[in-house]
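Descriptive analysis of the structure
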There are 2 protein chains.
Amino acid sequence: MAHKNIPDIVIGRLPIYLRSLQRMAQEGRQVTSSQELGERLGISAAQIRKDLSQFGEFGKQGTGYNIEFLSNKIRDILNVNRNWDVAIIGAGDIGGALARYNGFNQRGFTIKMIFDNNPSKIGMKIDNFTVLDIANLKEEIAGAGVQVAMMAVPAAYAQDVADRLVAAGIKAILNYAPVNLNVPAGVRVQHIDPAVHLQRMTYYLD
Amino acid sequence: MAHKNIPDIVIGRLPIYLRSLQRMAQEGRQVTSSQELGERLGISAAQIRKDLSQFGEFGKQGTGYNIEFLSNKIRDILNVNRNWDVAIIGAGDIGGALARYNGFNQRGFTIKMIFDNNPSKIGMKIDNFTVLDIANLKEEIAGAGVQVAMMAVPAAYAQDVADRLVAAGIKAILNYAPVNLNVPAGVRVQHIDPAVHLQRMTYYLD
């Protein structure tokens, strides 16, 4: 990849821009501006122009951005102009919801497999998936060459599962357990913890 | 509140620090250091000291941080030394999982009510909650004085539901719908969208 010195906070905004552009495309729109995108997203137009300018010239002064062109450019930058197979670890409430969610395909991801360690869940059907035994995690993931995982396991197991995912070749982990994970350099982790998000907002409340 | 000029990105790290401190306390620990916290979190010790120093002097040079004291200070800053009642909108997979999740209470939040618009779900029991009719959203939320909501509704309904939440007095919305929300000044929104988090990681993969 060419642009490895871009701050991660800029990278973090690109999926938000892409999501909004995809919605505009669904609405039948063809052209937008940094002003309009900014109003939709609550981000300044100047910030959006600055972020995008780090990757090239994607719009013309006065005519704005072609939505399809800009969407494709952002997909290229984010590496989601291809498909990533995804493994889900944990077939509980959240893991099951992720397995059933049909919004991943159009955004670069295909759920491929789901694991659990509970004998009463192994072999169970969730959507089109049969829950696999976590004992076979390494063979299944390494065998299929899966590099992306979503983990929805209890906090007490999370680091152990993460270690096994890394050993199986996983390079990106979306972690729903409310605990930090230590992973080697070269492996990315993102965390989803609703209480963390709520606390970030209560700071501003009286 | 006293510290309203702190960058939101600093505020966003405080819940992560708090979560890690609470885990150390559960492990029976009493003292930590910015170095140790930094190693657990993959954040530099200097960053942690700088973030915390924006709110006061919480540690002593050479002796580190008292975990209980620092946890309480961060709870004070984040306004979670009190309880916030929370309404959940949407009794599907995610809403149901949030209603059943028992990790909120120790972090400042109590789920109070859950709504849906589907007649087959209204009146249904989820954990100890009876699913309420979204038609009564405003009376129920305003009547109970709830200020915090988690929304797990289809994208097509999300803005309408957000508008109704704001009209009912909600000041903080955690939005699980994969769409941006426009809310008036004074209302906070945070978004959870797994595809956004995954795309932020695939940028770094080959």
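Given the structure is predicted, the values throughout are model-derived calculations rather than measurements.

1. Brief notes about the relation of the copies chain B and chain A
- In screw terms, the move from chain B to chain A is a rotation of 180 degrees and a rise of 0.0 Å along the axis, fitting with an RMSD of 0.0 Å. Read as a symmetry element, the transformation amounts to a two-fold axis.
- By residue overlap, the copies meet face to face through one surface: 100% of the interface positions of chain B are interface positions in chain A.

2. Considering the sheet that holds strand E9 (residues 148–151) of chain A
- If you walk across this open sheet you meet the six strands as E8-E5-E4-E9-E10-E11 (chain A), and the pairing is parallel. Strands with a single pairing partner mark the edges of an open sheet, and in this sheet they are strand E8 (132–133) and strand E11 (188–191) of chain A.

3. Quick word on the interface of chain B and chain A
- In this complex, chain B contributes 64 residues to the contact, which on the side of chain A involves 64 residues.
- In total, about 6300 Å² of surface goes out of reach between chain B and chain A, with carbon and sulfur atoms giving 61% of it.
- Contact with chain A buries area across many residues of chain B, yet B:Gln199, B:Arg200 and B:Tyr203 alone supply 13% of it, more than any other trio.
- Across the pair A:Arg19 and B:Asp193 runs a salt bridge, and its minimum N-O distance is 2.7 Å.
- Here chain B is connected to chain A by 26 residue pairs in polar contact (both at pLDDT 80 or more).
- Mapped by element, the contributors of at least two residues to the side of chain B that touches chain A are helix H1 (8–26), helix H2 (34–41), helix H4 (67–78), helix H5 (93–100), strand E9 (148–151), strand E10 (172–175), strand E11 (188–191) and helix H8 (194–202) of chain B.
- For the side of chain B that touches chain A, the per-class residue count stands at 39 nonpolar, 10 polar and 15 charged.

4. Some points on the domain arrangement of chain A
- In terms of domain boundaries, chain A breaks down into domain 1 (8–77) and domain 2 (84–196).
- Centre-to-centre, using C-alpha coordinates, domain 1 of chain A lies 31 Å away from domain 2 of chain A.

5. Some points on the environment of A:Trp84
- With respect to the helices and strands, the residue A:Trp84 is situated in strand E4 (residues 84–89).
- The class of A:Trp84 is buried, set by a relative accessible area of 1%.
- Through-space distance from the C-alpha of A:Trp84 to that of A:Arg107 is 9.6 Å; in sequence the pair is 23 residues apart.
- Setting aside residues up to four positions removed in sequence, A:Trp84 forms contacts with A:Asn79, A:Gly108, A:Phe109, A:Thr110, A:Gln147, A:Val148, B:Thr202, B:Leu205 and B:Asp206.
- At a separation of 2.7 Å, a polar atom in the side chain of A:Trp84 contacts the main-chain carbonyl oxygen of A:Asn79.

6. Here we look at the packing of helix H8 (residues 194–202) of chain A against H1(B)
- Contact pair H8(A) / H1(B): the axes reach a minimum separation of 9 Å and the direction vectors enclose 130 degrees. When the interaxial angle is binned, H8(A) and H1(B) end up oblique. Here H8(A) runs over H1(B); the crossing is right-handed. Contacts between H8(A) and H1(B) involve A:Val196, A:Gln199 and A:Arg200 from the first element and B:Asp8, B:Ile9, B:Ile11, B:Gly12, B:Pro15, B:Ile16, B:Leu18 and B:Arg19 from the second.
- Among the residues making up the contact of H8(A) with H1(B), the classes are represented as six nonpolar, two polar and three charged.

Analysis parameters
- Residues numbered from 1 in each chain as written.
- Chains lettered and ligands numbered in written order.
- Predicted model: local features only at pLDDT ≥ 70, side-chain atom pairs only at ≥ 80, totals over all residues.
- Heavy atoms only, no water.
- Least-squares fit on C-alpha atoms with pLDDT ≥ 70 in both.
- Contact = heavy atoms within 4.5 Å.
- Pairing = 2+ DSSP bridges.
- Helix = DSSP H or I, 4+ residues; strand = E, 2+ residues; numbered from the N terminus.
- Buried area = accessible area lost by both parts, 1.4 Å probe.
- Salt bridge = Lys/Arg side-chain N within 4 Å of Asp/Glu carboxyl O.
- Polar contact = N/O pair within 3.5 Å; in protein donor to acceptor, adjacent residues only side chain to side chain.
- Nonpolar A, V, L, I, M, F, W, Y, C, P; charged D, E, K, R; others polar.
- Domains from an automatic or database assignment.
- Buried < 20%, exposed > 50% of the residue type's maximum accessible area, 1.4 Å probe, protein only.
- Axes fitted to C-alpha atoms, helices over the stretch in contact; angles between N-to-C directions.
- Parallel < 35°, antiparallel > 145°, perpendicular 65-115°, else oblique.
- Left-handed = near helix turned anticlockwise from the far one by under 90°.

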